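Architecture and fold: a report
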Amino acid sequence: MPLYAIVCKDKPGALETRLAVRPKHLEYLAQSTNLKLAGALLDDAGNPIGSILVVEADDVSVAQAQADNDPYTAAGIFESVEINPWRLAVGAL
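Residues numbered from 1 in each chain as written. Predicted model: local features only at pLDDT ≥ 70, side-chain atom pairs only at ≥ 80, totals over all residues. Heavy atoms only, no water.

**With respect to the overall build of the protein chain**
Where we set the bar: Only DSSP runs of H or I reaching four residues or more are called helices, and only runs of E reaching two or more are called strands; each is numbered from the N terminus. Radius of gyration here is computed from C-alpha atoms only, and the compact-globule reference equals 2.2 Å multiplied by the residue count raised to the power 0.38. Each residue is assigned to one of three classes by its accessible area relative to the maximum for its type, calculated with a 1.4 Å probe on protein chains only: buried under 20%, partly exposed between the two thresholds, exposed over 50%. The contact criterion used is simple: two residues touch if any of their non-hydrogen atoms lie within 4.5 Å. Residue-level accessible areas treat just the shown protein chains as cover; the underlying method is Shrake-Rupley with a 1.4 Å probe.
Summing up its helical and strand segments, the protein chain has three helices and four strands in all. Counting from the amino terminus, the protein chain carries its helices and strands in the arrangement β-α-β-β-α-α-β. Radius of gyration (C-alpha) of the protein chain: 13 Å, near the 12 Å computed for a compact globule of 93 residues. Across its three principal directions, the C-alpha atoms of the protein chain cover 35 × 25 × 20 Å. Per-residue burial over the protein chain gives 33% buried out of 93 residues. Expressed as a percentage of contacts within the protein chain between residues at least 6 apart in sequence, the contacts between residues at least 24 apart total 70%. Surface exposure of the protein chain reaches about 5800 Å², of which carbon and sulfur atoms provide 53%.

This is the structure:
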């Protein structure tokens with residue numbers, strides 16, 4: 001099944017909202033059966049400024065739904081969301 005990388009970048013000033021919504025976001029990810037990995041993008045100070053997720057899905061619409069239904073999306077945290085087909089080259093999932 002194809003893999004998709006979802007790269008989300010936060011709006012400026014979204015850190016407080018991100019931290020408040022984080023428990024709901026993590027619960028959502030824990031229940032996502034197609035999620036392969038996820039983590040935060042960090043600034044130089046170690047603060048989260050975005051997210052990267054890799055999902056396994058039949059097509060891009062499933063990956064789009066993963067992003068659309070994320071509590072961070074509902075909270076308006078993301079400035080941009082980019083979804084691309086992704087291929088693992090080194091390492092393991």
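**Points about the UniProt feature "domain: YCII-related" (unreviewed entry) in the protein chain**
For clarity, the threshold we go by: UniProt positions are given in the numbering used here, feature names are shortened, and annotations may be inferred rather than shown by experiment.
As annotated in UniProt, the feature "domain: YCII-related" (unreviewed entry) corresponds to residues 3-87 in the numbering used here. End C-alpha atoms of residues 3-87 are separated by 6 Å, and the span's content is 34% helix alongside 40% strand.

**With respect to the side chain of Q66**
The criterion, for reference: The term polar contact refers here to a pair of N or O atoms within 3.5 Å; inside protein, the definition further demands a hydrogen-donor-capable atom paired with an acceptor-capable atom, and it admits residues adjacent in sequence only when both atoms are side-chain atoms.
Considering the arrangement of structural elements, one finds Q66 in helix α2 (residues 60-68). For Q66, a relative accessible area of 6% corresponds to the buried category. At a separation of 3.1 Å, a polar atom in the side chain of Q66 contacts the side chain of S32. If we skip the residues at most four places from it in the chain, Q66 touches I6, Y28, L29, S32, N34, L53 and V55.

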